[in-house]
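Topology and contacts: notes
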Amino acid sequence: MASEKDNEALENFLRTQILNCIPKYPLDLALDRNGEYEVPTDFKLRFNQRLSLPIFTGNKIVDIHNNPLQIILDSHDHHQYPPYSIGVEILVLDGDFPGSSHNDTWSKDEFARYIKKERTEKRPLITGESKVTLWNGVGVVGDIKFTDNSSWIRSRRFRLGARVVQIQGGNSLQNMMLRIREAVTEPFVVKEHRIELYKKHHPPTLEDEVWRLDKIGKRGVFYQKLASEGIHTVQDFLKLFMVDSSKLREIMGAMSDRMWEATLKHAKTCVMGTKLYRFHGDNYILTLNPICQLVKIEINGQIYLECDFERIQGAHIQRFVKDAYANWNCVEEVDSEAQNTVQLITNKVSSNEEGGGNARNGL
């Protein structure tokens, strides 16, 4: 609980702010609808970063860098902050709210008019830690999520807003309120989480389920055909394409050539990463990338890189790779030091041999 001395410090701070504002805003010293004076100051709240978009119901709201949202208290004098903590609440506003970070001349009542509440018999629009405490002008927003999409309001967009609900300290100035401007984000659409559950990934990852590829529906006909052949991920799809493309095309059956090309084109944009794998045969050792493309082969102690593969009969290479594919559960991941050695050798050969390919860019 604040002491009398602490209350006096807060009152002195507020009085200073009020007196500083009177010459600048003589017409703004008016009663608001609650019978309290609204005294403008140079203080205003703002969201430190833009929001990460798109936003889906049920997903944590974070900033563009995937970090928790931060609320900042701004003023012309960035070092002069109130001597107490400031309680702030996070609210949902209609996307048509006329203010922005570049136009912050709205009144407290105007801000309140644009606050959106949940639909009838629905949960609150945002759930989680919607109350934030600012210390020294900074507060971190906890885990907050939307429970409903934005399609039901006229603008079809929301904004997030933040407003002061309490300045910790005494009540001696309860009828002379320090005006700290509210923060607002740019308008955005909130989509249903189930839409995210079915969306395609651009680019896909090796670990993505195969239905993330274009023209393959989740639990659709092509998805089921692939699953019946053990093709569950994008990596599985690309491995079979590299080893036996005709078999993969046969599995897709009735898929039109146009759809097949679209699916294949999307799959080829997959993020490959840098991992390499080793497979031991009877008298040979293969080094392969994640989709079963051959990077290096060692036969009876003799090492061959891609530029040397033409010296080996193609039928032998194909048989070796198919053996590795059929026994993929037996391959071992190459350690990072060995990966670097392979990469250095490959780069050196590629720079000295015209037309030297790069196995990992073979897609």
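Structural data are supplied above this passage.
The present account deals with the structure reproduced in this document. Bear in mind that the values here come from a model prediction, so they are computed numbers and not experimental data. (Residues numbered from 1 in each chain as written. Predicted model: local features only at pLDDT ≥ 70, side-chain atom pairs only at ≥ 80, totals over all residues. Heavy atoms only, no water.)

**Details of the sheet that holds strand 5 (residues 86-94)**
Ordered by their spatial adjacency, four strands build an open sheet running 7-5-10-12, and the pairing between neighbours is antiparallel. At either end of the open sheet lies a strand with only one pairing partner, and these are strand 7 (131-134) and strand 12 (183-184). Bridge count between strand 10 (residues 158-167) and strand 12: two bridges; the pairing is antiparallel. Residue pairing for strand 12: Gly161 is matched across the bridge by Val184. (Pairing = 2+ DSSP bridges. Helix = DSSP H or I, 4+ residues; strand = E, 2+ residues; numbered from the N terminus.)

**Brief notes about the pairing of strand 15 (residues 284-288)**
Successive residues of a regular strand alternate their side chains across the two faces of the sheet. By the criterion of burial, strand 15 is predominantly enclosed, with four of the five residues buried. Pairing between strand 14 (residues 277-280) and strand 15: four bridges, direction antiparallel. The residue of strand 15 that forms the bridge with Arg278 is Thr287. The hairpin formed by strand 14 and strand 15 contains three residues between the paired strands. As paired strands, strand 15 and strand 16 (residues 294-299) are joined by five bridges and run antiparallel to one another. By the bridge assignment, Tyr284 is partnered in strand 16 with Ile299. Counting the residues between successive antiparallel strands, the hairpin from strand 15 to strand 16 contains five residues, one of them, Cys292, with a positive phi of roughly 70 degrees. (Buried < 20%, exposed > 50% of the residue type's maximum accessible area, 1.4 Å probe, protein only.)

**Considering the pattern of salt bridges**
The full count for this structure, using the stated rule, is seven salt bridges. Here Glu89 makes a salt bridge to Lys131, at a shortest N to O gap of 4.0 Å. Highlighted residues: Glu89 in strand 5 and Lys131 in strand 7, separated in sequence by 42 residues. Judged by its relative accessible area of 57%, Lys131 falls in the exposed class. (Salt bridge = Lys/Arg side-chain N within 4 Å of Asp/Glu carboxyl O.)

**Some words on helix 5 (residues 234-252)**
Between the first and last C-alpha of helix 5 there are merely 14 Å, a value that for 19 residues lags more than 12% behind the 27 Å anticipated at 1.5 Å per step. By the largest-angle criterion, Asp244 marks the main kink of helix 5, which is about 125 degrees. Where helix 5 is concerned, the buried positions are Val234, Gln235, Asp236, Phe237, Leu238, Lys239, Leu240, Phe241, Val243, Leu248, Ile251 and Met252. In this structure, the buried residues of helix 5 make contact with helix 4 (221-228), helix 6 (257-267) and helix 7 (314-326). Where helix 5 ends, the next residue or the one after it, Gly253, has phi of about 50 degrees, a positive value. (Expected span 1.5 Å × (residues − 1). Bend = angle between axes of the 7 residues up to and from the residue. Contact = heavy atoms within 4.5 Å.)

**Digging into the packing of helix 5 against helix 7**
As a packed pair, helix 5 and helix 7 sit with axes 10 Å apart at the nearest point and diverge in direction by 150 degrees. As judged from the angle between their axes, helix 5 and helix 7 are roughly antiparallel. Helix 5 and helix 7 meet at a crossing whose hand is left-handed. Here Lys239, Leu240 and Val243 of helix 5 come into contact with helix 7, specifically with Val321, Lys322 and Tyr325. Split by residue class, the contact of helix 5 with helix 7 holds four nonpolar, no polar and two charged. (Axes fitted to C-alpha atoms, helices over the stretch in contact; angles between N-to-C directions. Parallel < 35°, antiparallel > 145°, perpendicular 65-115°, else oblique. Left-handed = near helix turned anticlockwise from the far one by under 90°. Nonpolar A, V, L, I, M, F, W, Y, C, P; charged D, E, K, R; others polar.)

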